[in-house]
Amino acid sequence: MESHANSVTSALHRLIAGQVARSGGWLPFDRYMALALYAPGLGYYANTSRKFGTMPGSGSDFATAPEMSPLFGQCLAVQVDEALQKTDTSEIWEFGAGSGALARELLQVLHPRVRRYTIVELSAALRERQQQALAPFADQVEWVSELPEKIRGVVVGNEVLDAMPVKLVVRKNLLWHERGVTVQDGKLAWSDVLTHLRPPHEPPGTHDYLTELHHQAQAFLRTLAERLDAGAAFFIDYGFPEAEYYHAQRHMGTLMCHRGHMADPDPLDSPGEKDITSHVDFTGIAVAAQEAGLPTLGYASQGRFLVNCGIVERMASLSVPQQAAAQRLVAEHEMGELFKVIGFQRGAFWNAIGFRYGDRTHAL
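Note that the structure is a prediction, hence the values are computed from the model and not measured. (Residues numbered from 1 in each chain as written. Predicted model: local features only at pLDDT ≥ 70, side-chain atom pairs only at ≥ 80, totals over all residues. Heavy atoms only, no water.)

Peer 1: So what's going on with the overall build of the chain? Residues and values would help.
Peer 2: Looking only at helices and strands, one finds 13 helices and 18 strands in the chain. Computed over C-alpha atoms, the radius of gyration of the chain comes to 20 Å, within 12% of the 21 Å expected from 2.2 N^0.38 for 364 residues, which places it in the range of a compact globule. Residues classed as buried in the chain amount to 56% of the 364 residues present. Relative to all contacts within the chain whose residues are 6 or more apart in sequence, the contacts with residues 24 or more apart total 75%. When the accessible surface of the chain is totalled, it reaches about 15500 Å², and 52% of it is carbon and sulfur. In the chain, which carries 32 positive and 41 negative side-chain charges, the distance between the mean positions of the two groups comes to 2 Å. (Helix = DSSP H or I, 4+ residues; strand = E, 2+ residues; numbered from the N terminus. Rg over C-alpha atoms; globule rule 2.2 N^0.38 Å. Buried < 20%, exposed > 50% of the residue type's maximum accessible area, 1.4 Å probe, protein only. Contact = heavy atoms within 4.5 Å. Areas by Shrake-Rupley, 256 points an atom, 1.4 Å probe, with all protein chains shown as cover. Lys, Arg positive; Asp, Glu negative; His and termini not counted. Charge placed at Lys NZ, Arg CZ, Asp CG, Glu CD.)

Shown next as structure tokens:
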């Protein structure tokens, strides 16, 4: 009897192969990635696999900061509370709330001053898990599947931008190609076609070079900028400013898959069974928001941001194992340096506590 995972992969493979055929035999990678992650009932984030958890034995694939330590949410709450006050708003909007762990921590700290907590979630399976985690706050939380025309409040998104579909471009023999997906002998395979697309910076040198373009994430920021009537937005993710992202030595790009707490570089293998991500080009994100009228409030490493918001003082009262878990959030060789926090504001600029020391906006 076919296992659930194999059944999902087989059905998704048939769906993708059909899309390839309808597209003339070649599907751009961003469209493939959207299907692999979000196809209703089959894509990785749309099926019922566990995904979030701290240990492989739980059946999960990866752990995000809110699962590692409650201090992540508690410290982000310090910044969110300040933003609610400075922008005179009373709502929180979270994109892609995962297991619900971050929402739970934010609400435990801020529920007296939060009129409504809205989660934008496409996955029915994740929405059900979030509803269970947030049952104590059921009267404050609601779920939507798309943005409203206007938002007033503070927006948060942890590891959301990295899961937005990307285009792949590859320089071969000094010519740029877009990388897409085809079907050969019944199996998914790579196929490159010449393109006018280019990365923001031409990588120096003549060597072959593969990288990602973040058109959908940038479009998301432009849409958010148009609809954020008053408030602020904070996104936490792994990535680099443009000059580092498109560095000549990063010639294999940043695309990566995660399953069973292991990483692998092959997104065409077992679609629907594993996460597909790429690092974030924070310069592109900031420029897209600013051009749409949403100025940058600050940009810092996750470690610096959490220290600014008081994580060191909070760690002092924890047990040794709890301190070790929290330390992973700030240590440079763990999440502290690779992960960044970027903030935007609408209505009133202020010296935000999370960026008070170590702000790197100048490096974007």
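Peer 1: Describe the layout of surface pockets, naming the residues involved and giving the relevant values.
Peer 2: Counted as a void, the largest pocket has a volume near 860 Å³. Taken together, 40 residues form the lining of the largest pocket, with Tyr38, Gly96, Val120, Leu122 and Val160 sitting closest to its centre. Listing elements by their share of the lining of the largest pocket, those giving two or more residues are helix H2 (29-38), helix H3 (65-68), strand E4 (91-95), helix H5 (101-110), helix H6 (124-133) and helix H7 (215-227). Classifying every residue of the lining of the largest pocket gives 23 nonpolar, nine polar and eight charged. (1 Å grid on protein atoms, 1.4 Å probe; cavity = no way out; pocket = protein on both sides within 12 Å on 5 of 7 lines; lining within 4 Å. Points joined across faces, edges and corners; volume = space filled by probe spheres on them. Nonpolar A, V, L, I, M, F, W, Y, C, P; charged D, E, K, R; others polar.)

Peer 1: Residues and numbers for the nonpolar core, please.
Peer 2: Of all hydrophobic cores here, the largest spans 46 residues; its most connected members are Val80, Tyr117 and Leu329. Looking at which element gives the most residues to this core, the answer is helix H4 (residues 70-87), with eight residues. Ignoring sequence-local partners within four residues, the contact set of Tyr117 consists of Ile92, Glu94, Ala103, Leu106, Leu107, Gln140, Val141, Glu142 and Val156. (Core = buried A, V, L, I, M, F, W, Y, C linked by side-chain atoms within 4.5 Å.)

Peer 1: Can you explain the environment of Met262? Please cite residues and give values.
Peer 2: Within the secondary structure, Met262 is located in strand E14 (residues 262-264). With a relative accessible area of 58%, Met262 lands in the exposed category. For the pair Met262 and Lys274, spaced twelve residues apart in sequence, the C-alpha to C-alpha distance is 9.9 Å.

Peer 1: Account for the side chain of Gln74, with residues named and values stated.
Peer 2: Looking at where Gln74 falls in the secondary structure, it is placed in helix H4. Look past the residues within four positions of Gln74 in its chain and what remains in contact with it is Glu105, Val109 and Arg314.

Peer 1: Tell me about the packing of aromatic side chains, residues and numbers included.
Peer 2: When we look at a pair of aromatic rings, we describe it by the centre distance and by the angle of the planes. Inspection of the entire model under this criterion finds twelve aromatic pairs. A centroid spacing of 6.4 Å and a plane angle of 70° characterise the contact between Phe240 and Tyr245, whose relative ring orientation is edge-to-face. Looking at Phe240, the relative accessible area reads 11%, which means it is buried. A relative accessible area of 1% places Tyr245 in the buried class. Here Phe305 and Phe355 contribute two aromatic rings whose centre-to-centre distance is 5.5 Å and whose plane-to-plane angle is 55°, an arrangement assigned as tilted. Of the two residues, Phe305 sits in helix H10 (residues 302-308) while Phe355 sits in the segment after strand E18 (339-346), which places them 50 residues apart along the sequence. Joined through ring pairs, the aromatic side chains of Phe29, Tyr32 and Trp190 make up one cluster. (Phe/Tyr/Trp six-rings, centres within 6.5 Å; stacked < 30°, edge-to-face > 60°.)

Peer 1: Any chance you could break down the packing of H4 against H5 for me, citing the residues and the numbers?
Peer 2: Running from N to C, H4 and H5 point in directions that differ by 55°, and their axes come no closer than 8 Å. Here H5 runs oblique to H4, going by the angle between their axes. Between H4 and H5 the crossing geometry is right-handed. Contact residues: Pro70, Phe72, Gly73, Gln74, Leu76, Ala77, Val80 and Asp81 in H4; Leu102, Glu105, Leu106, Val109 and Leu110 in H5. Taken together, the residues of the contact of H4 with H5 sort by class into nine nonpolar, two polar and two charged. (Axes fitted to C-alpha atoms, helices over the stretch in contact; angles between N-to-C directions. Parallel < 35°, antiparallel > 145°, perpendicular 65-115°, else oblique. Left-handed = near helix turned anticlockwise from the far one by under 90°.)

Peer 1: Can you break down the sheet that holds strand E15 (residues 275-277) residue by residue, with the values?
Peer 2: Here three strands make up an open sheet; going across it, the order is E14-E13-E15 and the pairing antiparallel. Whereas interior strands pair on both sides, the edge strands pair on one side only; in this sheet they are E14 and E15. Here the strands of the sheet are splayed against their neighbours by 30° on average, with no regard to which way each runs. Where strand E13 (residues 256-259) and E14 come together, three bridges link them in antiparallel fashion. Counterpart to His258 in the pairing with E14 is Ala263. (Pairing = 2+ DSSP bridges.)

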